[in-house]
Structures are given as C-alpha cells and as structure tokens.
Amino acid sequence: MCCNLHSTNVSWISDSILDDKTTSCSYTHHAATYIQSMYRGHQERIAYHKKHSAVIVLQSLVREHQARCVYARECAAICIQRMYRGYQIRSWMTKQHHAATHIQSMYRGHQERIAYHKKHSAVIVLQSLVREHQRRRQSAAVVLQSAIRCHLVHRYFEQLRTATIRIQALIRGHLH
C-alpha cells in the first residue's frame, strides 16, 4: 500500500497532460494535489499503524500491570488466608494442649487419691494391728505381772505357813 499509485490513475494523469496542453497547469496542479493526497494518506496510515502499535503495546503493558496487581492481591489474600489458618491451627493446638494438661492433671489427681486411700487404709490396718499387739502385749504384761504377784503371794503364804508350822511345832514341843 505504501506509495502504490494505481496504473489507471497514472495513465489518466499522463493522458490528461498530453491531450490538453492549455490546461496542463491545472492538471499538473490536480496531479500534484492527488500525489500529495496519496502521500498524506500514506503518512497517515504509517502514523496510524505506529499509534496502533503503540496503543497495543500500551494496552499490553496496562494489562500486564493489572494482572500483576490482581496477582499481588491474590498473593496477599493467600498470605492472609495462610496466616489465619496458621492462627486457627495454633489456637486449636493450644486448646488441645490445655485440655490434655487438664486431663493429665485430673488423672494424676485421681491416681494420687487412689494411692492415698490405699495408704490410708494400710495405715488404719497397721494402726489396728499395732493397737491389738499393744493390747495383747499389755494384757500379757498384766497376766505376767498377775502371775508374778500370785507367785509372790504364794511364796509369801508358803513362808507364812512354814513359819506358822515352826512356831506351832516349837510351841507344841515346848509344852510337852
């Protein structure tokens, strides 16, 4: 399309110039105007194509910028979502940790209470055994003391009886 003059237009110009010598100036003027018009059209088409190419490049850059902005917003949204999910998981883990700690403390308390009751029962049994042993020991001591006292009393009475018999024998023997 660049500087493409149609052969019919050129032949018309050349025929016009050759046929009519009197009006050659007006034909020349008309041809020059036609050539100038074609050149200006050509220049306008070149300028249009340059502008069109520039607009396409500009649109491409704008679309690229918009895509980057959308991507940045999506990345920001993804980052926010990731942070929130992390927060939720950490919060859940904290609750689970506290719940596990509470369960463990309750279980340990239960185990300690069971151990305490076992020890307490063992102490009560042991105390009753010790008291029974002390009671038996005390009663054995009382029985022993009673047996010793009884033995001493028997010995004392035996000594008294022996002394009484001697005294009676002496008295009887002296009187006879």
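Cut-offs applied
Residues numbered from 1 in each chain as written. Predicted model: local features only at pLDDT ≥ 70, side-chain atom pairs only at ≥ 80, totals over all residues. Heavy atoms only, no water. Helix = DSSP H or I, 4+ residues; strand = E, 2+ residues; numbered from the N terminus. Buried < 20%, exposed > 50% of the residue type's maximum accessible area, 1.4 Å probe, protein only. Areas by Shrake-Rupley, 256 points an atom, 1.4 Å probe, with all protein chains shown as cover. Phe/Tyr/Trp six-rings, centres within 6.5 Å; stacked < 30°, edge-to-face > 60°. Salt bridge = Lys/Arg side-chain N within 4 Å of Asp/Glu carboxyl O. Patch = residues over 30% accessible without salt bridge, like charges linked within 9 Å, V, L, I, M, F, W, Y side chains within 5 Å. pLDDT = per-residue confidence, 0-100. Contact = heavy atoms within 4.5 Å. Disulfide = S-S within 2.5 Å.

1. Comments concerning the overall build of the protein
Line of reasoning, step 1. Helices and strands together make up the secondary structure of the protein, namely 2 helices and 0 strands.
Line of reasoning, step 2. Within the span of the protein, comprising 176 residues, buried residues form 3% of the whole.
Line of reasoning, step 3. A total accessible area of about 16100 Å² is found for the protein, and carbon and sulfur atoms account for 64% of it.

2. Considering the packing of aromatic side chains
Line of reasoning, step 1. Under the defined criterion, the tally for this structure stands at 2 aromatic pairs.
Line of reasoning, step 2. When the ring of tyrosine 84 is compared with that of tyrosine 87, the centres are 6.3 Å apart and the planes differ by 35°; the resulting orientation is tilted. Taken together, the residues span about one helical turn, with tyrosine 84 and tyrosine 87 both in helix α2 (residues 24-175) at a distance of 3 residues.
Line of reasoning, step 3. According to the relative accessible area criterion, tyrosine 84 is partly exposed, its value standing at 48%.
Line of reasoning, step 4. For the pair tyrosine 156 and phenylalanine 157, a centre-to-centre distance of 6.1 Å together with 55° between the ring planes defines the contact as tilted.

3. Some points on the pattern of salt bridges
Line of reasoning, step 1. Scanning all chains against the criterion turns up 4 salt bridges.
Line of reasoning, step 2. One salt bridge in this structure joins glutamate 158 and arginine 161, with 3.2 Å as the shortest N-O distance. With glutamate 158 and arginine 161 both in helix α2 and 3 residues apart, this pair spans about one turn of that helix.
Line of reasoning, step 3. What makes glutamate 158 partly exposed here is its relative accessible area of 40%.

4. Observations concerning a nonpolar patch on the surface
Line of reasoning, step 1. On the surface, Val125, Leu126, Leu129 and Val130 cluster together into a nonpolar patch covering about 360 Å² of accessible area.
Line of reasoning, step 2. Of note, valine 125 is situated in helix α2.

5. Description of the confidence of the model for the protein
Line of reasoning, step 1. Looking at the protein as a whole, the pLDDT averages 86, with 86% of positions reaching at least 70.
Line of reasoning, step 2. Confidence over residues 1-8 falls short of pLDDT 50; this stretch has 8 contacts with residues more than four positions distant or in other chains.

6. Some details on the state of the cysteines
Here a disulfide denotes one covalent bond, and it connects the sulfur atoms of two cysteines.
Line of reasoning, step 1. What the rule picks out here adds up to 0 disulfides.
Line of reasoning, step 2. With no disulfide of its own, cysteine 79 has cysteine 75 as its nearest cysteine by sulfur position, at a separation of 8.9 Å.
Line of reasoning, step 3. Overall, cysteine 79 belongs to the partly exposed group, its relative accessible area being 32%.

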